[in-house]
Amino acid sequence: MVGPGILLVCIFVPIVGAIIVPFLGKINTGLRNISALVFVLISFISAACALPAALNGTPLVSSLELPLGFSFSYYGDALAVFMAMTSSLVAAIIVFYSFGYIEKYPNQNEYYSMVLLFIGSMMGLVFSTNLIFIYTYWEISAICCWRLIGFYRKEDTVIKANKAYLITVGGAIFMLAGFIGIYIQTGTFDLLALQGQGLDSWIVILILFGILSKSATLPFHSWLPDAGVAPSPVTSLLHAAVLVKIGVYVYARLFLVNFHLDVVWSTAIPIIAAISAIVAAGAAIVENDIKRIIAYSTISQLSFIFLGLSSGTMIGVAGGLLYILMHSLAKGGLFLCAGIIEHSTHTKDIRQMSGLAKRLPVTCVAFAMCAFSVMGIPPFGGFFSKYMVIDGSLLSGQPWITAVFIIGAVMTVIYLLRVFCKVFFGELSHPDIKEGTWEMVTSVAILGIMSLLAGIFINIPSQLTTFIVESLGRW
Amino acid sequence: MFNALNSLITSGSGVNLLIIMIIVPALLALITIIIPKRSYFGRAILFLIATVVNLLFAISLFVGEEMTMLIPWADFGINLSLRVYDFSQFMVLAAACFAFLVALYSISFMRNKSYSGKFFFYYLITLALVNGALLANNLVVMLFFWEGLLVTLFGMTIIGNAKRPAVAMKALILNGVADLLLMFGIAITAMQAGTMAMDMIVDIPMEGLGIVGFVCMMLGAIGKAGSMPFHSWIPDAAEQAPLPFMAILPAALEKMLGIYLLVRVCLTFYDFTPGSTLSIVVMAIGAITLVLAVAMALIQKDMKKLLSYHAISQVGYMILGIGTALPVGIVGGIFHMINHVIYKCCLFLTAGSVEKQAGTTDLNKISGLGRFMPITAICFIIAALSISGVPPFNGFFSKELIFDAALESGVIFYIAAILGAFLTAASFLKLGHAAFFGPVKLPEDVREKDMMEAPGAMLLPMIVLAAFCIFFGVGNAIPLSIIQPLLGDALGGANFAGWPHSTVLVLISIGVLLLAVLNHYLGYRRTGEGIKAVDHIHYLPGLHQVYNCAEKHYFDPYNILMLLFKFISYLCFAIDRCINWIYDVLFVKTIQGATTAMKNFNSGSTSRYIAWMFTGMAFVLMMFILLL
């Protein structure tokens, strides 16, 4: 039997680890790498340990009373545990991949430290029930993201890092104002005490500023493609495991679990999402930088998640949650593959690559599997989440918006296929390159295979998401 | 024996035969790819055994009872629900037969090909997915297997051609569009029907969203079957993909799936009635497909490419027949589908023999092969007579049913159908004449004394298929006795077996065939070469220019689609750049401007500070006075 302390383990092992890791790095780099991976895995395992309690309907709570509404508690319900497990699992694979990728660069101690802090803040945010603490973890993640995007310390990468920081923090400040609005309206920051209220529109708008800027949705998206200057495991972390999923998670937490949105938002948010989906997909078709293409793809796919979550139907919300998982696995894999390609060819321009399948066979297959999953082609996991989101949106009575998303799905097929065919087929452009290190290749293979298994054994994640949706108690 | 097999598997272990149909080919596919590359023989034998096992299971399903199974899968009604009943029994059996015959052919054809292992792998996965799609009793589960074929389609088109991925990309995008439309259609259908269980969905009314749902599902179905406007990858793939792929996917299994779904959508899911607007739309798609595709087939100078256009054109007949919504049309459509698979498979296999022995299928380089490959030539002739609709081969009987239905639905459709028949006959006269008759011509690197008949493993499938062309023609009562009950009450007790009922239509059809022969004879007399026998049509003023444009892919729906998306994308990209400009330039400039302006206030000059002080004091004073 596990106690509520397991939640604290899940949050604070990576955070404390972030402090320890640089010192370990002074002693031995191998030790540092392994312990970083172990810290993330502990986080994953402890999140998994909290799952049975969440499924029994008695979520673990660990709380501390403080004056002035600052008392906080960590609360491990099914939604939080699902999100924590998804993030920490993908993050663990990314950390493992980093062993090979990052070994030649300076500032590795800082790198591992920041990655761990990043993951720890994600865990903290996921389990927190106090709005102020959600905001705090949110900002910690922004700082980590700022350091990591600027990892190479070149002038233009620092500018891009600043941009990412300013946009997400700018959004977060609006969100904080929204949280204060909630306090004014209800007198508490504690989400456990806030169930089923309605919110004034101005509060919703302020909070949406924060969510949309973190989740890189139009018109606050432009930092995300620029963040591609970061090392590939970092972009993978941003896109798949932590950063952009924070916004989606907070949306689900606030607007599905706690507050009831007005009817107008169930049309407004899908419209914003639809515009975001199409514009980003269009930009992905035009771009030539492999990492920017995949970044635009994230923006486009996040819109599908928002569409599902905002549909207000059971199947749509469940689809949106499944989409978070499937997208994490597949998009993480795509970025890691892009990292291998960039590492081998020293370019990110797809016009200069072709025929790499001959030299990078495992990467090619893993890329294909992840790309098919993002496209929503069975037997990969993305199929079910895409279908459920589409179905949910249709059931919410807005067939025109659904039709726009079908066009978005077609564009997804086009841009991913374009990258895939351009990079891996045709005349061989780089005859003397090698496959990535074994850590890197194993990581992408694991993500590709997991995307496949998530589709064939959809019943396992689906049971969890269905449980979450049913425990919302709305339908 | 098969019942015994059936009960052996189902009893005790608790495993259902239905799920075995999907799992066994997939598992054997995985084993096939694990076997080391150098033991081609081991791989090939395992591959063949897999298709034989699949065939045995399919037979035992066919002789068995109606069966269902249900495993909970994803929630919200997405259960792994499978069902076998008369229609799917028949389809699964047919698919298994073709899969076995083409597999037998492939192991001989694929020897010495570097990608043979991958080909076998994709082939078996395809088989598993096709079985799944035919047996699925849940719309989403069907879509799962159906759309999964995209992966194997892409894989099979890319393996022989890793240097030129454009065709594979085209195939995947066109089919992907069709499948996403199908996804939309299925979501609407499930919503309208209130269930995803396919046996519970009956006669959804055609109004409002129902129309959209019907159109999307119909487009998805005909897209899989390779109808216009989702067709244009097929001729391209014919040039580059391995030939057994052409014989098994675009010519056989995809047609069967597409028509299977189209029949189910038209016959049961939706309230689809003769004479309705949508019926006319479906018939129009069929008629346009059949005429335009056969017109393109007529001018082809490559055997595989010519056949691939016929694979498109013939699906037009099936859609036309089913689109009439008349019992005779639907029976004709299904019967034509099965006949088509038989003769088109056979034709592709003969083309494969030619390619294997002569090294090319370019009609400019080969001629008079009949004397080296007599059995191939005979099989070709039988299949060509079938596709041209010559009695008493199987194509004749199914075409007559469709002609009958088309005439009842509108003269224009009948005219399109017989025009198609004329062009089909003309192009096969040209093809047969050019490839197998006339003076001997071989590619430069092939010597006459090395030319010989294809190996036995390749001949056997062709002979079997050719025999079926005759058998399903002469004994058409047997296939029709399986097909007709599928319609249930809609059939109204009619029986279309035996000689066609309308003698007038038969006479017109025979007249059209004679006209085609006359046309060929005149063309041959004019130019002296079989390959140029239809040049007088090709170079007809006016038509010639249209043909030129078509050959340059100006009418290719794929190019139009991509152009459209390119336009949208550049627009989107411009929007994206504008937003980016706001962040990167506008914000930065505004803030820089503001700071510069504020700097001027703090220039360090004492006099200016004093001036500011007095201004401020004056302002405060003003406020006081005004407030008082």
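Quick caveat: nothing in here was measured; it's all calculated off a predicted structure.

(A) Looking closely at the overall build of chain A. Counting its regular elements, chain A contains 19 helices and 4 strands. Taking 2.2 N^0.38 as the reference for a compact globule, 475 residues should give roughly 23 Å; the C-alpha atoms of chain A span a radius of gyration of 21 Å, in line with that estimate. If one aligns the C-alpha atoms of chain A with their principal axes, the spans along those axes are about 65 × 60 × 45 Å. When burial is assessed residue by residue, chain A has 64% of its 475 residues classed as buried. Within chain A, contacts between residues at least 6 apart in sequence are counted, and of these 81% link residues at least 24 apart.

(B) Geometry of the interface of chain B and chain A. Counting from both sides, the interface comprises 40 residues of chain B and, opposite them, 45 residues of chain A. Secondary structure elements with two or more residues in the side of chain B that touches chain A: helix 6 (139-159), helix 7 (166-193) and helix 22 (557-601) of chain B. Taken together, the residues of the side of chain B that touches chain A sort by class into 32 nonpolar, 4 polar and 4 charged.

(C) Looking closely at the packing of helix 12 (residues 265-286) of chain A against helix 17 (residues 399-424) of chain A. Residues and elements named next belong to chain A. Taken N-terminus to C-terminus, the directions of helix 12 and helix 17 make an angle of 20°; their axes are 9 Å apart at the nearest point. It follows that helix 12 is roughly parallel to helix 17 by the angle criterion. Where helix 12 crosses over helix 17, the two elements pack in a sense that is left-handed. Residue-level contacts link P270, I271, A274, A277, I278, A281, G282, A284 and I285 of helix 12 to I401, V404, F405, I407, G408, M411, T412, I414, Y415 and R418 of helix 17. Grouping the constituent residues of the contact of helix 12 with helix 17 by class yields 15 nonpolar, 3 polar and 1 charged.

(D) Representation of the pairing of strand 2 (residues 80-84) of chain B. Residues and elements named next belong to chain B. Across the 5 residues that make up strand 2, a large majority, 4, are buried. Relative to strand 2, strand 1 (residues 67-71) is paired through 5 bridges, and the arrangement is antiparallel. Its bridge partner lying in strand 2, L70 is registered against S81.

(E) Focus on helix 7 (residues 155-186) of chain A. The first and last C-alpha atoms of helix 7 of chain A sit 46 Å apart over 32 residues, in line with the 46 Å expected at 1.5 Å per residue. One or two positions beyond helix 7 of chain A, positive phi appears at G187(A), with a value near 85°.

(F) Region of interest: the pairing of strand 2 (residues 72-76) of chain A. All names here are of chain A. The element strand 2 is largely enclosed, with a buried count of 4 among its 5 residues. With 5 bridges connecting them, strand 1 (residues 60-64) and strand 2 associate as antiparallel partners. Looking at strand 2, one finds that L64 is bridged to F72.

(G) The arrangement of the nonpolar core in detail. Residues and elements named next belong to chain B. Within the largest apolar cluster, 433 residues are counted, with the highest numbers of intra-cluster contacts made by C345, C346 and A417. With 20 residues, helix 10 (residues 243-269) is the single largest residue contributor to this core. Beyond its immediate stretch of four places on either side in the chain, C345 contacts F98, V102, A247, A251, A252 and L465.

(H) Up close: the domain arrangement of chain B. For chain B, the assigned domains are domain 1 (1-200 + 241-265), domain 2 (273-539) and domain 3 (559-627). Inter-centroid distance (C-alpha atoms) of domain 1 of chain B to domain 3 of chain B is 62 Å.

(I) View of the environment of D200(A). Residue and element names in this part refer to chain A. On the secondary structure map, D200 appears in the loop between strand 3 (197-198) and helix 8 (201-214). For the pair D200 and Q185, spaced 15 residues apart in sequence, the C-alpha to C-alpha distance is 8.7 Å. With residues near it in sequence (within four places) discarded, D200 still touches G181 and Q185.

(J) Seen up close, helix 10 (residues 232-241) of chain A. Residues and elements named next belong to chain A. Most of helix 10 sits out of view: 10 of its 10 residues are buried. Among all positions of helix 10, only S232, P233, V234, T235, S236, L237, L238, H239, A240 and A241 are buried. Among the structural elements, helix 4 (78-101), helix 5 (108-127), helix 6 (131-149), helix 11 (243-258), helix 13 (290-310) and helix 14 (314-345) are those in contact with the buried residues of helix 10.

(K) Structural detail: the packing of helix 10 of chain B against helix 12 (residues 303-323) of chain B. Residue and element names in this part refer to chain B. The N-to-C vectors of helix 10 and helix 12 enclose an angle of 10°; their axes lie 11 Å apart at closest approach. Between helix 10 and helix 12, the interaxial angle falls into the category roughly parallel. Counted together, L243, M246, P250, A251, K255, I259, L262, V263 and C266 of helix 10 and K304, S308, A311, V315, M318, I319 and I322 of helix 12 form the full contact between these two elements. Within the contact of helix 10 with helix 12, the residues separate by chemical class into 13 nonpolar, 1 polar and 2 charged.

Definitions and limits used
Residues numbered from 1 in each chain as written. Chains lettered and ligands numbered in written order. Predicted model: local features only at pLDDT ≥ 70, side-chain atom pairs only at ≥ 80, totals over all residues. Helix = DSSP H or I, 4+ residues; strand = E, 2+ residues; numbered from the N terminus. Rg over C-alpha atoms; globule rule 2.2 N^0.38 Å. Buried ≥ 20, exposed ≤ 12 C-beta atoms within 10 Å, placed from the backbone. Contact = placed C-beta atoms within 7 Å. Nonpolar A, V, L, I, M, F, W, Y, C, P; charged D, E, K, R; others polar. Axes fitted to C-alpha atoms, helices over the stretch in contact; angles between N-to-C directions. Parallel < 35°, antiparallel > 145°, perpendicular 65-115°, else oblique. Left-handed = near helix turned anticlockwise from the far one by under 90°. Pairing = 2+ DSSP bridges. Expected span 1.5 Å × (residues − 1). Core = buried A, V, L, I, M, F, W, Y, C linked by C-beta atoms within 7 Å. Domains from an automatic or database assignment.

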